[in-house]
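# Fold and contact review
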Amino acid sequence: MKRRIISILVVAVMMLSVLTACGGGEGGSSKMLMATGGTSGTYYGFGGAVAQMLGSETNISVTAVATGASKENIQNIDAGNNQLGIVQNDVMDYAYNGTNTFAEDGAVTSFRTVAGLYAEQVQIVTMDPAIKSVADLAGKSVSIGAAGSGVYYNAIDVLSAYGLTEEDIDAQYLSFADSAESVKDGKIQAAFITAGAPTTAITELATSNDVYLIPIDDEHADALIEACPYYTVCTIPAGTYESQEEDVQTVTVKATLIVAESASEDDVYTLTKAIFENVDGIAHAKNVELNLDNAVEGISVPFHAGAAKYFAEQGYTVETK
């Protein structure tokens, strides 16, 4: 009888251990990997700050990992390698609808929206003061981001608004860090970098070099937005970078947090609530852009039920599926 009682107790302890590992209570004790971007980009820094806050304010352990950004992040979630990811809102639209960079592979619908985070400016950086317009990039060596990346499609869209194509420039397909280094070394004349300003790669370049941001004027911005309505006009204020003396007009898309569709409603509710109720605890300059209006506007992919539950409590109705 003793032996039987001991056996029952052992089984009970084992079952309790399994349940604890799977998480219990609000938010559970889940572990999630958050796909971000390159270490010189805003995704990585912001994602790390969000992960640190969530680790201290919830029972969810989130680890930010460096990746190739938007498209790769969606693919990693689809493959089950990551549970969270930061992506451009235009690229997640491509994925969900199987267009542009996802046209060949087909639609990916295994993710849902958590929230819009902050504006991602299309920054076109050069060290050549003679390059004053996107039109001046014709015939120049220009980095337009990794092939098939969000930056790549932003560059193609902007060039198109100015009547240029990929063939009209000497296109290079480089990461943020490699783009900045190549501009510095004179290997290329300009680079497209889509990220929240200030962006580490450009900040580091500007500390020891005179850099210039190439503006997108009203006429061409209007043409771009008419063709691609997920862009909006924005201004990068003077002084954002060390050698930037004037405001620069450009266009922006939105950095958005997505999550695997299979993530639990409790976990996603907990992390969504934590993000918007602990904004000051996110140690990154982009935290000032976190607000509920921005979180739900301009989003074309359905929200996760857990995020929708939190937004409903705040008086916002969002689309779910």
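Residues numbered from 1 in each chain as written. Predicted model: local features only at pLDDT ≥ 70, side-chain atom pairs only at ≥ 80, totals over all residues. Heavy atoms only, no water.

## Observations concerning helix H3 (residues 70-79)
- Residues of H3 that are buried include every one of Ser70, Lys71, Asn73, Ile74, Asn76 and Ile77, and no others.
- Each element contacted by the buried residues of H3 is listed here: strand E1 (31-35), helix H2 (42-57), strand E3 (84-88), helix H4 (89-97), strand E4 (111-126) and strand E10 (248-260).
- At the C-terminal side of H3, Gly80 shows a positive phi close to 85°. (Buried < 20%, exposed > 50% of the residue type's maximum accessible area, 1.4 Å probe, protein only. Helix = DSSP H or I, 4+ residues; strand = E, 2+ residues; numbered from the N terminus. Contact = heavy atoms within 4.5 Å.)

## Section: the pairing of strand E2 (residues 61-65)
- Pairing of E1 with E2, which is carried by five bridges, proceeds in the parallel orientation. Looking at E2, one finds that Lys31 is bridged to Ser61. (Pairing = 2+ DSSP bridges.)

## Quick notes on the pattern of salt bridges
- Scanning all chains against the criterion turns up two salt bridges.
- A salt bridge links Arg112 to Glu261, with the nearest nitrogen and oxygen atoms 3.0 Å apart. Taken together, the residues Arg112 in strand E4 and Glu261 in the loop between E10 and helix H9 (265-277) connect sequence positions 149 residues apart.
- With a relative accessible area of 6%, Arg112 lands in the buried category.
- When the shortest N-O distance is used, the salt bridge between Glu289 and Lys286 registers 2.7 Å.
- Among the residues examined, Lys286 registers a relative accessible area of 5% and is labelled buried. (Salt bridge = Lys/Arg side-chain N within 4 Å of Asp/Glu carboxyl O.)

## A closer look at the confidence of the model for the chain
- When the pLDDT values of the chain are averaged, the result is 90; 91% of them are 70 or greater.
- Taken together, the stretch residues 1-28 has pLDDT below 50 and engages in 15 contacts with residues farther than four places along the chain or on a different chain. (pLDDT = per-residue confidence, 0-100.)

## Let's talk about the packing of aromatic side chains
- Under the defined criterion, the tally for this structure stands at 11 aromatic pairs.
- Between Tyr152 and Tyr173 the ring centres are 6.4 Å apart and the planes differ by 40°, which places this aromatic pair in the tilted class. Placement of Tyr152 in helix H5 (residues 150-161) and of Tyr173 in the loop between strand E6 (170-172) and helix H6 (176-185) is noted, with a sequence separation of 21 residues between them.
- Since its relative accessible area comes to 14%, Tyr152 is described here as buried.
- For Tyr173, a relative accessible area of 40% translates into the label partly exposed.
- Every member of this aromatic cluster is reached through a ring pair, and the members are Tyr94, Tyr152, Tyr153, Tyr173, Tyr230 and Tyr231.
- Seen from the ring of Tyr269, Lys309 lies directly overhead, with NZ or CZ sitting 4.7 Å from the centre. (Phe/Tyr/Trp six-rings, centres within 6.5 Å; stacked < 30°, edge-to-face > 60°. Lys NZ or Arg CZ within 6 Å of the ring centre and 35° of its normal.)

## Some thoughts on a negative patch on the surface
- A surface patch of like charges, here negative, comprises Asp217, Asp218, Glu219, Asp222 and Glu226.
- Take Glu226: it is sitting in helix H8 (residues 218-227). (Patch = residues over 30% accessible without salt bridge, like charges linked within 9 Å, V, L, I, M, F, W, Y side chains within 5 Å. Areas by Shrake-Rupley, 256 points an atom, 1.4 Å probe, with all protein chains shown as cover. Lys, Arg positive; Asp, Glu negative; His and termini not counted. Charge placed at Lys NZ, Arg CZ, Asp CG, Glu CD.)

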